[in-house]
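Report on the structure
Here is how the chains run, residue by residue.
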Amino acid sequence: MIACADEKDVDAAVAAARRAYETVWSKLSGTDRGKYLFRIARLIQERSRELAVAESLDNGKPIKESRDVDLPLVAAWFFYYAGWADKLDHAGLGLDPQPLGVTAQVIPWNFPLLMLAWKIAPALTAGNTVVLKPAESTSLTALLFAEIVQQADLPPGVINIITGGGDTGRLLVQHPDVNKVAFTGSTVVGREIARAVAGTQKKLTLELGGKGANIVFDDAPLDQAIEGIVNGIFFNQGHVCCAGSRLLVQEGIHDDVIERLKHRLSTLRLGDPLDKNTDIGAINSAKQLARIEALSSAGEAEGAVRWSVPCRLPPKGYWFPPTLFTGVSTHHAIAREEIFGPVLSVLTFRTPEEAIAKANNTPYGLSAGIWSDKGSRILAVADKLRAGVIWANTFNRFDPASPFGGYKESGYGREGGRHGLLAYLQPRTWTGDGPVGQRGTVKMSSVKPVKPVERSRKAARKA
Amino acid sequence: MEQRAAALSTRSIKTSSKVLALDKIIELIDLTTLEGADTPGKVRSLATKAIQPDPSDRGTPHVAALCVYGDMVPYAVDALRDFNRSRNGDAIQIAAVATAFPSGRASLEVKCADTAEAVAAGADEIDMVIDRGAFLSGRHEEVFEQIRTVKEACQRPDGSYAHLKVILETGELSTYDNVHKASWLAILAGADFIKTSTGKVVPAATLPMTLLMLEVVRDWYRLTSKRVGVKPAGGIRSSKDAIRYLVAVAETAGEAWLHPSLFRFGASSLLDDVLLQRQRMKTGHYSGPDYVTID
């Protein structure tokens, strides 16, 4: 159980963010804001092992992923946006774009620290202050991050972390003194938020669900495609909004792909997330496990053929074996609804047109993958896919420099890259004489000097 | 390929698994000397090491094979005769490089004569090189025919065959597509093993290339139920590296391949590092190069 922030706490957090925005953060020069962000990035790198272990303990994802994917990306995000702080004139909004003010950010449980980085780094670099609420079931790393913020000696109030469930989130999003809401999570909650902010001055970006299509043509390098399929849906136990949960295989290679896939899946190791050799960790919560089980049963009931890796599941905790469904058609629930678990639905197609039509036949539009040896085909197909992120001969690759976001019910706004800044800035047109902009009047030197970074917390305790 | 290879490299093999892995590596080594300066003395010395890699620990397994130039085969046979007689099947194989190794630039007649001579001298295995020139200029059929002909030259008077390892020289074929094609070509032409490199070209064996070849033998097995071996050679010097190869073998082709009849390391200095690591696992501390015998 984690403490739930109530109305008083939310008020206090938003007030602190407002004060910090008005008095310090919005007035600091970009160069100085950048220095703080670089500092945070370095501290994250220094404490990355500790954070990785905490993330795996909290979320259930294998340490291999939190160590090799989550944490390096978290640091990369802060480094990337730190670099933007003094270059906002080049963000595409004209000279001297302005921050929005206090931003309310609500993030999910699938990549707790990474989603925090995606939200906080661009908000801060643009000059906003932040109140962030991590998911109820995965708040640990956000709290450790708060410690890092103190270590980096950020002016008080610039980053505020409050914990709690849906009620806390609602209070935060509906708070009248918030200028911007950013949310990553389910489409259901996204809709609720959109309704809540409608008619207010609040700006909104949403990164919601997905039902990504992974299209494999018959000339694809199959072994690499298999790796991509596995990475697409079994990475992070399928708890990925951009997961390649629908596999579209050209009919001629269907049997071969399924046979190879089954062989490959049998080599995955499921178990203790803290074991460095574990490939598949635990499902995050009982609730999520129940949803995955319900949808899988529905798939069987609708006539799709289920195959699960014949592996032993640990007796304690929430586990679900990597599973694939063949004989899936586009009207099955498992081909339409986001399962958010290690479950792959396999469909077939005959022509590129059919592949495109099936891939686009979803209310979502976050990600897609194309596997083919032929570059021209990849470009032609990518051109017609309605998805925000398209991977060619790879899947689930992230880079802070590249914008990420969805079409249709997968949300709006982009995170990452120059486009990610636009969600936290507004343009301003200037006419007349005088210096452009009043920012940079508070110098970093007027803020407390930086404390030396604790190298080893254990050593410090011993001393 | 690189990504998958990198992912396999993060497998953590520690303590008791590491002890098992180190012994396995020794059992899979083709202890090799392929120098212009090779002498009967050098070969005899290496043979002794092949039999008893670590004199301070009698429990150390022997290596899989001794790999030498064709003209050194008689000395190797001689040096290993007594040991192999006493082993009853679990013998150290004698492998000879042939077919104008390492360049392969000779007529087919010369290559076959080279091979036949080594087989007649008692070689159990022939490591041949393919004609990379022919392959790269698109004369794939010619390469195929050459391998088939050399395979015939591996036949002994009693009708049995010396094992044929086909060296693709991946460093010269350079692309994954080429290596993929050449692997299939060699297998279809009758190779018992496909081998990455001569060790005379940089880059020699790399994990991604070996991974690709493992995928080919796995697919061949799926199609025909026949198993072909893989031998990465050259450039694998540390136990850590070698363990990564073992992981790739187990997770790609399958654990059945972790056997001297299906997987080998072509190496000379790898054995020394394995022995050092082995001693450290036993004693808990690192000794030093002086505690491992030189060849």
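Not measured: the values here are computed from a predicted model.

1. Brief notes about the overall build of chain B
- A tally of regular secondary structure across chain B gives 12 helices and eight strands.
- The C-alpha radius of gyration computed for chain B amounts to 18 Å, which stays within 12% of the reference 19 Å derived for 295 residues, consistent with globular compactness.
- In terms of principal-axis extent, the alpha carbons of chain B reach across some 55 × 45 × 35 Å.
- Within chain B, the fraction of its 295 residues that count as buried is 53%.
- The contacts of chain B with a sequence gap of at least 6 include a subset with a gap of at least 24, amounting to 77%.
- Accessible surface computed for chain B: about 12300 Å², of which carbon and sulfur atoms make up 53%.

2. Here we look at the side chain of Asp70(A)
- Positionally, Asp70(A) belongs in helix H4 (residues 63-84).
- Those residues in contact with Asp70(A) that lie beyond four places of it in its chain are Glu55(A), Lys61(A), Glu65(A), Phe111(A) and Leu114(A).

3. Digging into empty space enclosed by the protein
- Evaluation of the coordinates by the stated rule reveals six cavities of 30 Å³ or more.
- In this structure, the largest cavity occupies an estimated 120 Å³ of space.
- As for the largest cavity, its lining consists of Asp223(A), Ile226(A), Glu227(A), Arg260(A), His263(A), Arg264(A), Arg4(B), Leu211(B), Glu215(B), Arg218(B), Glu251(B) and Thr252(B).
- Tallied by class, the residues present in the lining of the largest cavity amount to two nonpolar, two polar and eight charged.
- Of the voids in this model, the second largest cavity is the one considered here, and its volume is about 70 Å³.
- Lining the second largest cavity are 15 residues, with Arg246(A), Ala359(A), Ser367(A), Arg386(A) and Ala387(A) sitting closest to its centre.
- Listing elements by their share of the lining of the second largest cavity, those giving two or more residues are helix H13 (352-360) and strand E12 (367-371) of chain A.

4. Side note on the pattern of salt bridges
- According to the stated counting rule, one finds 53 salt bridges over all chains in the structure shown.
- In this structure, the salt-bridge partner of Asp167(A) is Arg170(A), at a minimum N-O distance of 2.9 Å. Taken as a pair, Asp167(A) and Arg170(A) lie in helix H7 (residues 166-174) at a separation of three residues, close to a single helical turn.
- Taking the relative accessible area as the measure of exposure, Asp167(A) reaches 58% and is therefore exposed.
- Classification of Arg170(A) by relative accessible area gives partly exposed; the value is 36%.
- Linking Asp256(A) and Arg222(B) is a salt bridge whose minimum nitrogen-to-oxygen distance equals 2.7 Å. Here Asp256(A) is found in helix H10 (residues 254-265), whereas its partner Arg222(B) is found in helix H10 (residues 207-224) on a different chain.
- The exposure class assigned to Asp256(A) is partly exposed, which follows from its relative accessible area of 25%.

5. Examining the pairing of strand E3 (residues 129-133) of chain A
All names here are of chain A.
- Most of E3 is tucked away: five of the five residues are buried.
- The sheet contact formed by strand E2 (residues 102-106) and E3 spans five bridges and is parallel. Along E3, the bridge assignment pairs Val 106 with Lys 133.
- Chirality of the crossover, the property in question, places the unit of E2, helix H5 (residues 112-125) and E3 among those that are right-handed.
- In this structure, E3 lies alongside strand E4 (residues 159-161), joined through three bridges in parallel fashion. Looking across to E4, one finds that Val 130 is bridged to Ile 159.
- Read as a crossover between parallel neighbours, the route from E3 over helix H6 (residues 140-151) to E4 is right-handed.

6. Comments concerning the domain arrangement of chain A
Residue and element names in this part refer to chain A.
- Here chain A is partitioned into domain 1 (7-208 + 407-462) and domain 2 (213-392).
- One C-alpha centre belongs to domain 1, the other to domain 2, and the line joining them spans 32 Å.
- A buried area of about 2300 Å², summed over both sides, lies between domain 1 and domain 2, and 55% of it is on carbon and sulfur atoms.
- Counting the contacts that link domain 1 with domain 2 gives one salt bridge.
- Its residues assigned to classes, the side of domain 1 that touches domain 2 shows nine nonpolar, eight polar and nine charged.

7. Regarding the interface of chain A and chain B
- Taken together, the contact between chain A and chain B spans 18 residues of the former and 13 residues of the latter.
- Summing both sides of the interface, chain A and chain B together bury roughly 1300 Å²; the carbon and sulfur share of this comes to 30%.
- The interface formed by chain A and chain B holds seven salt bridges in total.
- For the pair chain A and chain B, the interface holds nine residue pairs in polar contact (both at pLDDT 80 or more).
- Top contributing element to the side of chain A that touches chain B by residue count: H10(A), with five residues.
- Per-class residue counts for the side of chain A that touches chain B are no nonpolar, five polar and 13 charged.

8. Things to note about unusual backbone geometry
Residue and element names in this part refer to chain B.
- The peptide bond linking Phe 101 to Pro 102 adopts the cis configuration, its omega dihedral lying at 0°.
- Assignment of secondary structure puts Pro 102 in the loop between strand E3 (93-97) and helix H5 (108-120).
- In the segment running from Val 202 into Pro 203, the intervening peptide bond is cis, with an omega of 0°.
- Tracing the backbone shows Pro 203 in the loop between strand E6 (193-195) and H10.
- Unusually for a residue other than glycine, Ser 174 sits at a positive phi of about 65°.
- Relative to the elements of secondary structure, Ser 174 occurs in the loop between helix H8 (170-173) and helix H9 (176-188).

9. What to know about a nonpolar patch on the surface
- On the surface, a nonpolar cluster with roughly 250 Å² of combined accessible area is contributed by Val53(A), Leu57(A) and Leu274(A).
- With respect to the secondary-structure elements, Leu274(A) resides in the loop between H10 and helix H11 (286-301).

10. Here we look at a positive patch on the surface
- A contiguous patch of positive charge on the surface is contributed by Arg49(A), Lys276(A), Lys14(B) and Lys240(B).
- Relative to the elements of secondary structure, Lys276(A) occurs in the loop between H10 and H11.

Definitions and cut-offs
Every chain begins its residue count from 1, and numbering advances along the sequence as written. By the order in which they are written, chains take letters starting at A while ligands take numbers starting at 1. This being a predicted model, a pLDDT of at least 70 is required before a residue's local features are given, and a value of 80 or more before pairs of side-chain atoms are given or counted; all residues contribute to the totals for chains, interfaces and linings. Computation of side-chain values covers all heavy atoms of the structure but excludes hydrogens and water. Helical segments are the DSSP runs of H or I of at least four residues, strand segments are the runs of E of at least two, and each set is numbered from the N terminus. We compute the radius of gyration from the C-alpha atoms alone; for a globule the expected value is 2.2 Å times N to the 0.38, where N is the number of residues. Buried means the residue's accessible area, taken with a 1.4 Å probe over protein chains only, is under 20% of the maximum for its type, while exposed means over 50%, and partly exposed covers the values in between. In this analysis, two residues are considered to be in contact whenever any of their non-hydrogen atoms come within 4.5 Å of each other. In short, Shrake-Rupley with a 1.4 Å probe defines the accessible areas, and a residue's cover is counted only from the protein chains shown. Both site types are read off a 1 Å grid over the protein atoms alone. A 1.4 Å probe that fits but cannot get out defines a cavity, while an open set with protein on both sides within 12 Å along at least five of seven lines defines a pocket; lining residues have an atom within 4 Å of a point. Grid points are joined across faces, edges and corners, and a volume is the space filled by probe spheres set on the points. Residues are grouped as follows: nonpolar covers Ala, Val, Leu, Ile, Met, Phe, Trp, Tyr, Cys and Pro; charged covers Asp, Glu, Lys and Arg; every other residue, Gly included, is treated as polar. Throughout this description, the term salt bridge denotes a Lys or Arg side-chain nitrogen within 4 Å of a carboxyl oxygen of Asp or Glu. Two strands make a pair as long as DSSP finds a minimum of two bridges between them. For the handedness criterion, the strands are oriented away from the viewer, and a crossover whose path from the first strand over the helix to the second runs clockwise is classed as right-handed. An automatic or database domain assignment supplies the start and end points of every domain. By buried area we mean how much accessible surface two parts lose on assembly, using a 1.4 Å probe and totalling the loss over both. Pairing of N or O atoms within 3.5 Å defines a polar contact, subject to two protein rules: one partner must be a possible hydrogen donor and the other a possible acceptor, and residues neighboring in sequence count only if both atoms are side-chain atoms. Patches here: salt-bridge-free residues with over 30% relative accessible area, like charges joined within 9 Å, nonpolar side chains (Val, Leu, Ile, Met, Phe, Trp, Tyr) joined within 5 Å. Lys and Arg are tallied as positive, Asp and Glu as negative. Neither His nor the chain termini are counted. Just so you know, the charge point we use is NZ for Lys, CZ for Arg, CG for Asp and CD for Glu.

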